[in-house]
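Overview (structure and organization)
As a plain string of letters, each chain reads:
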Amino acid sequence: MSIVLDMIETSSEIPRAQHAHIQPAGSRVRPSPSGEQAAGLRGSQTGGGREGRAPGPRSGSGNRVSDRITDDWPGYDLNLFTYPQHYYGDLEYVLIPHGIVVDRTERLAKDIMKDIGNCDIMVLCVLKGGYKFCADLVEHLKNISRNSDQFVSMKVDFIRLKSYKNDQSMGEMQIIGGNDLSTLAGKNVLIVEDVVGTGRTMKALLGSIEKYKPNMIKVASLLVKRRPRSDGFRPDYVGFEIPDLFVVGYALDYNEYFRDLNHICVINEHGKEKYRV
Ligand code: IMP
Ligand code: MG
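Residues numbered from 1 in each chain as written. Chains lettered and ligands numbered in written order. Predicted model: local features only at pLDDT ≥ 70, side-chain atom pairs only at ≥ 80, totals over all residues. Heavy atoms only, no water.

With an unreviewed UniProt entry as reference, the protein is termed Hypoxanthine phosphoribosyltransferase, source organism Puma concolor. What UniProt states about the protein under its Subcellular location (unreviewed entry) heading is, verbatim, "Cytoplasm". UniProt's Pathway (unreviewed entry) comment on the protein is quoted here verbatim: "Purine metabolism; IMP biosynthesis via salvage pathway; IMP from hypoxanthine: step 1/1." (UniProt positions renumbered as here; feature names shortened; annotations may be inferred.)

Quick look at the structure:
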């Protein structure tokens, strides 16, 4: 596994009911193996079955709010929303609309503040896919800090990783760049990532950072995939657990395309062919 490093220094509540039950008229119908297609989002870390119950506040690092988008969730018809014309014909459906991503991120910020507020943190944004999530998360953290008794003093760094070609993990992570991870020694580090798939990327990154003995490392990932061959890596903060699908949008790319799409969408075969390298 080759690792090249690059750091660029710069100084929930889910609207479950709405999301779960909007079934757009004339939307595509996909098979529903379990007959639960309307559920869409379900509690995951509380053993499922939370739907219908208002999710109450949680605390403690072992009880993160995470929400599972079930395998039979049909998504939203693309015609319900706007998206760039140059992607017409390249997408299957909207998995998570942009507004829900932002709302969920706000809740994650609240959870993070509850756990690690009142201290200095170094937010480490994993580029490129993590830039939207990181920007929104930092914005929410700042707002909470400004409008409550809790404060957090933040610096933001960026690290660039590359591990996928087309829709396949290359099994070889490139952390592009240098040795500046040593600046994380003794710091409280919050790694902000777009999606954990196999978990290999995050494990490699954590291995590289831990060598420098930071005081604390937490990982926030907007998405985690349910994969049969996952190595079981679970971030401390998870926006949504999703089916094992290749998703794009909200800065997540397919060979650098689709970062300019707001919603998190599932790419179709036509899109994969069109942008394959
Ligand atoms: P992992 O090593 O399989 O966990 O993959 C993690 C990295 O691969 C993420 O940081 C993403 O940049 C990229 N990745 C994994 N799955 C997807 C996806 O569905 N869409 C876009 N990028 C992905
Ligand atoms: Mg990433």
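Next comes the rest of the description.
Here the focus is the pairing of strand E10 (residues 237-242). When a strand is regular, its side chains alternate between the sheet's two faces. Counting buried positions along E10 gives six out of six residues, so the element sits mostly inside the fold. In terms of strand pairing, strand E3 (residues 67-69) meets E10 through two bridges, oriented parallel. By the bridge assignment, Asp-67 is partnered in E10 with Phe-240. With five bridges joining them, strand E9 (residues 216-225) and E10 adopt parallel strand pairing. (Buried < 20%, exposed > 50% of the residue type's maximum accessible area, 1.4 Å probe, protein only. Helix = DSSP H or I, 4+ residues; strand = E, 2+ residues; numbered from the N terminus. Pairing = 2+ DSSP bridges.)

Within the structure, ligand 1 sits among 17 residues, and Glu-193, Thr-198, Thr-201, Lys-225 and Val-247 are positioned closest to it. With respect to ligand 1, the backbone of Val-247 contributes an N or O atom lying 2.6 Å from a nitrogen atom. The protein chains hide 93% of the 490 Å² of surface that ligand 1 would expose on its own. For the shell around ligand 1, the secondary-structure elements that each account for two or more residues are strand E6 (152-165), strand E8 (188-196) and helix H4 (200-210). The element best represented in the shell around ligand 1 is E8, accounting for four residues. (Near = heavy atom within 4 Å. Polar contact = N/O pair within 3.5 Å; in protein donor to acceptor, adjacent residues only side chain to side chain. Areas by Shrake-Rupley, 256 points an atom, 1.4 Å probe, with all protein chains shown as cover.)

Take the nonpolar core next. Core analysis: the largest hydrophobic core is formed by 51 residues, its most contacted members being Ile-96 and Leu-137. At seven residues, helix H2 (residues 98-116) tops the list of elements feeding residues into this core. Core analysis: the next-biggest nonpolar cluster, separate from the first, contains 19 residues, Met-122, Leu-206, Val-224 and Phe-233 among them. (Core = buried A, V, L, I, M, F, W, Y, C linked by side-chain atoms within 4.5 Å.)

Further remarks concern unusual backbone geometry. Looking along the chain, the bond that leaves Leu-127 and enters Lys-128 is cis, with omega of -5 degrees. With respect to the helices and strands, the residue Lys-128 is situated in the loop between strand E5 (119-127) and helix H3 (131-147). Of note, Lys-213 is a non-glycine position whose phi angle comes to about 50 degrees, a positive value. Tracing the backbone through its elements, the reader meets Lys-213 in the loop between H4 and E9. Positive phi is not limited to glycine here, since Phe-258 has a value of about 80 degrees. Relative to the elements of secondary structure, Phe-258 occurs in the loop between strand E11 (247-248) and strand E12 (264-267). Residue Phe-258 is classed as buried on the basis of its relative accessible area, which comes to 0%.

Moving on, we come to the coordination of the magnesium ion (ligand 2). Donor atoms from the polypeptide that coordinate the magnesium ion (ligand 2) comprise Glu-193 (OE) and Asp-194 (OD), at 2.2 to 2.4 Å from the metal. Given the relative accessible area of 12%, Asp-194 is considered buried. (Donors = N, O, S within 2.8 Å, 3.2 Å for Na, K, Ca; no water.)

Tallying each qualifying case throughout the model produces eight aromatic pairs. Ring centres of Phe-246 and Tyr-254 lie 5.8 Å apart, and the angle between their planes is 80 degrees; this geometry places the pair in the edge-to-face category. The exposure class assigned to Phe-246 is buried, which follows from its relative accessible area of 14%. Of the residues examined, Tyr-254 reaches a relative accessible area of 0% and is grouped as buried. Taken together, Tyr-87, Tyr-257, Phe-258 and Tyr-275 form an aromatic cluster joined through their ring pairs. (Phe/Tyr/Trp six-rings, centres within 6.5 Å; stacked < 30°, edge-to-face > 60°.)

Inspection of the secondary structure puts His-98 in helix H2. Along the chain, His-98 and Gly-249 lie 151 residues apart, while their C-alpha atoms are 9.0 Å from each other. Excluding its chain neighbours within four sequence positions, the residues that come into contact with His-98 are Tyr-250, Asn-262 and His-263. (Contact = heavy atoms within 4.5 Å.)

Attention now goes to the pattern of salt bridges. Oppositely charged side chains can form a pair if their charged atoms are brought close together. As enumerated under the stated definition, the model contains twelve salt bridges in all. Note that Asp-71 and Arg-226 form a salt bridge whose closest N and O atoms lie 2.7 Å from each other. With Asp-71 in the loop between E3 and strand E4 (91-96) and Arg-226 in the loop between E9 and E10, this pair connects stretches of sequence that are 155 residues apart. Taking the shortest distance from any N to any O, the salt bridge between Asp-244 and Arg-227 comes out at 3.6 Å. Residue Asp-244 is located in the loop between E10 and E11, and its partner Arg-227 is located in the loop between E9 and E10; the two are separated by 17 residues in the primary sequence. Using a relative accessible area of 38% as the deciding quantity, one classes Asp-244 as partly exposed. Counted as one network, the salt bridges with shared partners bring together Asp-71, Arg-226, Arg-234 and Glu-241. (Salt bridge = Lys/Arg side-chain N within 4 Å of Asp/Glu carboxyl O.)

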